Amino acid sequence: MKYSNRDQAILLLADGTIFYGKSIGIEGTVFGEVCFNTGMTGYQEIFTDPSYFGQIMVASNPHIGNYGVNEEEVEADSIMISGLVCKNFSFNHSRANSSGSLKEYFEAQNLVAISDVDTRALVSYIRDNGAMNSVICTDGTAIEELKEKLSQVPDMKGLELASKVSTKEPYFVGNPDAKYKVAALDLGIKKNILRNLVARDCYVKVFPYNANYTDMKDFNSDGYFLSNGPGDPSPLVGAQEIAKKILEEDKPVFGICLGHQVLALANGISTYKMFNGHRGINHPVKNLLTGEGEITSQNHGFAVVREELENHTDFEITHEHVNDGTVAGMRMKNKNCFSVQYHPEANPGPHDATYLFDMFIANIEKSK
């Protein structure tokens, strides 16, 4: 069955549900896990976040593209999402320092996007039925053919994706004469993480996801950073082994999101795929050490098993998500190591969580 010209594009979910919309003008068919982000701004940062690799993004904000794009506001060198679903796509934009329209940005990278979708109904459906594989089609391919192809797409659970977004070769960021040296394992690192480290007088050497620990150690850094990234952390056995060796070295360690999960797995603490995950810029987190609340930016579909963390003698939970009690942060009692399941570098209006970078620097100072 083909869909009519009136319904120019579709989003087909793995359970057979179809949402109709209109193509923004880029023909094609793309697959990925459908998820939604509740942020009201920052769409360019979302689209270029390596943690979203392999996912079709549904924007809950009804207006996308209205302020265009700025080439300085990217988290990676290219778009990382598989496709976009939105309500109102703005072909015209208004912003003093824009470097172009979102449509031109998508065309340059051939990103398939559809608009005029009932995103309120779609977000509600995903919330109730969970994240699942899906396909966007704007070229009129028959529904049955799309269903067959979609059935062959691997689930996100068990899928290793860090290798798709990590650097292929080590590179340096910052001033070589900076006060601190940091070795960063790139599992899908965001540019703003590196900016935050450089702003705190760090010279950073970024290593690929499959780096050799000896090479990282030879940099003779003052501390280690384990980055965010896409996919399931469980297949990242090499990164887990690196984390174990870093902890044996007992230098300061800071992990964010996927790096946080890798640290847990390296210590025998399991992770699991969440029903929906957390994706937005207004997630409430409680700091259990201070009792204070933080408004955070989050983007993850996996989490650390809280019960196992609570029963681990070497760890303590430092932060929890207020909405569902999931682990939002942890630290080791016997090592100079802490991590969080959110993005302190994102600064989605509040700067509530940027202190974590200062904590990392303070830990480096103490260890010198």
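Attention in this report is confined to the structure presented alongside it. (Residues numbered from 1 in each chain as written. Predicted model: local features only at pLDDT ≥ 70, side-chain atom pairs only at ≥ 80, totals over all residues. Heavy atoms only, no water.)

Looking at the pattern of salt bridges
What counts here: Here a salt bridge means any side-chain nitrogen of Lys or Arg lying within 4 Å of a carboxyl oxygen belonging to Asp or Glu. Each helix corresponds to a stretch of at least 4 residues labelled H or I by DSSP, and each strand to a stretch of at least 2 residues labelled E; elements are numbered beginning at the N terminus.
The final tally for this structure, using the stated rule, is 16 salt bridges. With its nearest N and O atoms 2.7 Å apart, the salt bridge here joins Arg200 to Asp358. Of the two residues, Arg200 is situated in the loop between helix H6 (191-199) and strand E12 (202-207) and Asp358 in helix H11 (residues 355-367); the sequence distance between them amounts to 158 residues. Residues joined by salt bridges that share partners form a network here, namely Asp49, Lys190 and Glu345.

Remarks on the nonpolar core
The cut-off we apply is this: By nonpolar core is meant a set of buried Ala, Val, Leu, Ile, Met, Phe, Trp, Tyr and Cys residues that side-chain atoms within 4.5 Å join together. Think of it in three bands: residues with accessible area under 20% of the maximum for their type are buried, residues over 50% are exposed, and the middle band is partly exposed, with areas taken using a 1.4 Å probe on protein chains only. By the convention used here, residues are in contact when the closest approach between their heavy atoms is within 4.5 Å.
Ranked by size, the top nonpolar core spans 41 residues in total, and within it Leu11, Phe47, Leu84, Val85, Leu102 and Phe106 carry the most contacts. When near neighbours in sequence (up to four residues on either side) are disregarded, Leu102 contacts Tyr43, Phe47, Ile64, Gly65, Gly68, Val69 and Phe89. Ala162, Tyr224, Leu226 and Ile242 belong to the second-largest nonpolar core, a separate cluster that totals 34 residues.

Looking at the sheet that holds strand E3 (residues 29-37)
Stated precisely, the cut-off is as follows: One bridge is not enough; two strands pair if DSSP finds at least two bridges between them. Angular values range over 0 to 180 degrees, each being the angle between N-to-C directions of two axes fitted as lines to C-alpha atoms, with helices fitted over their stretch in contact.
One closed barrel holds the seven strands; their spatial order is E1-E2-E8-E6-E4-E3-E9, and the pairing between them is mixed. For this sheet, the mean angle separating the axes of adjacent strands, direction not counted, is 35 degrees. Pairing between strand E1 (residues 9-13) and strand E2 (residues 18-23): four bridges, direction antiparallel. Bridging from a neighbouring strand, Leu12 pairs with Ile18 of E2.

Examining the packing of aromatic side chains
So the rule is basically this: Centres within 6.5 Å make a pair out of two Phe, Tyr or Trp rings, where for Trp the six-membered ring is used; the pair is then stacked when the planes are under 30 degrees apart, edge-to-face when over 60, and tilted otherwise.
This structure, assessed with the given rule, holds 13 aromatic pairs. Plain terms: the ring middles of Phe254 and Phe357 are 5.6 Å apart, the flat faces sit at 80 degrees to each other, and that makes the pair edge-to-face. Linking Phe254 in strand E14 (residues 253-256) with Phe357 in helix H11, this pair joins segments that are 103 residues apart in sequence. Among the residues examined, Phe254 registers a relative accessible area of 0% and is labelled buried. Linked through ring pairs, Tyr43, Phe47, Tyr67, Phe89, Phe91 and Phe106 together constitute an aromatic cluster.

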